[in-house]
Amino acid sequence: MNAGDVEQQLAALRPSLLAIARLQLRNEAWAEDAVSETLIAALEGAGRFAAQSQVKTWVVGILKHKIIDQFRRARREVSADAEVEAAEVETFDELFAPDGHRTSMPLEWGDPERSFERTQFFDVLQACVDHLPAGLARIFMMREWLEYETSEICKELDITSTNCFVMLYRARMRLRECLEMNWFGAEGRA
């Protein structure tokens, strides 16, 4: 792979990388710094890239480490307003009847492995994550994408483990609802 190809691919990936960094860092300057550091590292390491994975996978892996480094450097305060986030997640209760059962049964997802093989699925999944309330999206990405342990998330966000588990559950339920409406439900009608 020549340097021109790498530069073009990296330039095309920049908006996606910036969206991921903004979601996690919730600070425009830090997100820009993390993406810039990622792109520099990718350009410097392009000669060592063995092409055993897609360029996007490789670069997102670099970004993941840059975001973790930024968290460690900044040890920043959570900027989200807890009251606003609490109000945003209240709609979750609408999915359940007073007796605790779901108001409607989840749709049949069919063969999930077939869906995972389709890149369109990941575009829909990313859109669903982007539509989560900021606090839920951040905790979900910290746990599932950055692979933080629950104790690390709790320390970073200054929340209890119970609150963390509730927020992760709510994020997963919202993602499920979004995927049912925008992917699995749409597939079943096609």
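For the structure itself, look to the data block above.
Figured I'd write up the structure that's included with this text. Since the structure is predicted, the reported quantities are computational estimates derived from the model, not experimental observations.

Looking at the pattern of salt bridges
And then number 1: As enumerated under the stated definition, the model contains five salt bridges in all.
And then number 2: Residue Lys64 pairs with Glu147 through a salt bridge whose shortest N-O separation is 3.4 Å. Taken as a pair, Lys64 in helix H3 (residues 55-74) and Glu147 in the loop between helix H7 (134-144) and helix H8 (150-157) lie far apart in primary sequence, 83 residues in all.
And then number 3: By relative accessible area, which is 17% here, Lys64 ends up buried.

Topic: the nonpolar core
Across soluble globular proteins, nonpolar side chains have a tendency to be buried as a group.
And then number 1: Among the nonpolar cores identified, the biggest contains 50 residues, and Leu17, Leu63, Ile67, Ile139, Trp145 and Leu146 are the most heavily contacted of them.
And then number 2: Elements with a minimum of two residues in this core: helix H1 (3-25), helix H2 (28-45), H3, helix H6 (119-130), H7, H8 and helix H9 (161-189).
And then number 3: Apart from residues lying up to four places away in sequence, Trp145 is in contact with Ile20, Val60, Leu63, Lys64, Ile67 and Phe140.

Reading the values: rules and limits
Residues numbered from 1 in each chain as written. Predicted model: local features only at pLDDT ≥ 70, side-chain atom pairs only at ≥ 80, totals over all residues. Heavy atoms only, no water. Salt bridge = Lys/Arg side-chain N within 4 Å of Asp/Glu carboxyl O. Helix = DSSP H or I, 4+ residues; strand = E, 2+ residues; numbered from the N terminus. Buried < 20%, exposed > 50% of the residue type's maximum accessible area, 1.4 Å probe, protein only. Core = buried A, V, L, I, M, F, W, Y, C linked by side-chain atoms within 4.5 Å. Contact = heavy atoms within 4.5 Å.

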